[in-house]
Amino acid sequence: MGKKRNTLWRCCYCGKKLKKREIEVDHLIPVYKAKRQRHWQKKLPNGVNDKTNLVAACRHCNRMKSSKTGLWYVRGLLGQHQLYWKIIYPLTLVITTILLGVIIYYL
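Residues numbered from 1 in each chain as written. Predicted model: local features only at pLDDT ≥ 70, side-chain atom pairs only at ≥ 80, totals over all residues. Heavy atoms only, no water.

Caption draft 1: Spotlight on the packing of aromatic side chains. A full pass over the atoms with the stated rule returns five aromatic pairs. Judged by centre distance (5.6 Å) and plane angle (40°), the rings of W85 and Y89 are tilted. Taken as a pair, W85 and Y89 lie in helix 5 (residues 82–106) at a separation of four residues, close to a single helical turn. Judged by centre distance (5.0 Å) and plane angle (90°), the rings of Y105 and Y106 are edge-to-face. For the pair Y105 and Y106, a shared accessibility class is recorded, and that class is exposed. Put simply, the rings of Y84, W85 and Y89 pair up and form one aromatic cluster. (Phe/Tyr/Trp six-rings, centres within 6.5 Å; stacked < 30°, edge-to-face > 60°. Helix = DSSP H or I, 4+ residues; strand = E, 2+ residues; numbered from the N terminus. Buried < 20%, exposed > 50% of the residue type's maximum accessible area, 1.4 Å probe, protein only.)

Caption draft 2: Structural view of the environment of K33. Note that K33 resides in helix 1 (residues 31–36). Distance in space between the C-alpha atoms of K33 and L71 is 15 Å, their sequence separation being 38 residues. If we skip the residues at most four places from it in the chain, K33 touches W40, S67, K68 and T69. At 3.4 Å, the side chain of K33 and the side chain of T69 are in polar contact. (Contact = heavy atoms within 4.5 Å. Polar contact = N/O pair within 3.5 Å; in protein donor to acceptor, adjacent residues only side chain to side chain.)

Caption draft 3: Examining the pattern of salt bridges more closely. With the rule as written, the count across this model stands at three salt bridges. Linking E24 and R59 is a salt bridge whose minimum nitrogen-to-oxygen distance equals 3.1 Å. Here the residue E24 occupies a position in strand 3 (residues 24–27), and R59 occupies one in helix 3 (residues 59–65), the gap between them amounting to 35 residues. The salt bridge partner of K65 is D26, with a shortest N-O separation of 3.4 Å. (Salt bridge = Lys/Arg side-chain N within 4 Å of Asp/Glu carboxyl O.)

Caption draft 4: The nonpolar core, seen in detail. Formed by 16 residues in total, the largest nonpolar core has its most connected members in C11, Y13, I29 and C61. When neighbours within four sequence positions are excluded, C11 is seen to be in contact with K16, L18, A56, A57, C58, C61 and W85. (Core = buried A, V, L, I, M, F, W, Y, C linked by side-chain atoms within 4.5 Å.)

Caption draft 5: Seen up close, the pairing of strand 4 (residues 54–57). With burial as the criterion, only one face of strand 4 is covered, namely that bearing V55 and A57; the residues L54 and A56 on the opposite face remain uncovered. The sheet contact formed by strand 3 and strand 4 spans four bridges and is antiparallel. Looking across to strand 4, one finds that V25 is bridged to A56. (Pairing = 2+ DSSP bridges.)

Take a look at the structure:
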């Protein structure tokens, strides 16, 4: 038998690395909204459980998102792509460093 790889996934909302047992499958477009609002129904021709509507999430983000859309929807769309996390983490570090420098300068 081959060795099992300990594959890591990322929460599509916060980028936290997750092991398989930590993943919670979330509906990017919440079930409640997808079933009641025509706007969201048009985006899901195969129904609410369409694979394009299911994303990996950590427990915390899944609870925080609940049935929200808006920025959570945008974060979920972007967070599905590895390139996004390769860009956002270094960018966040640079911005944080600059802001801290400005704050310290003015103290």
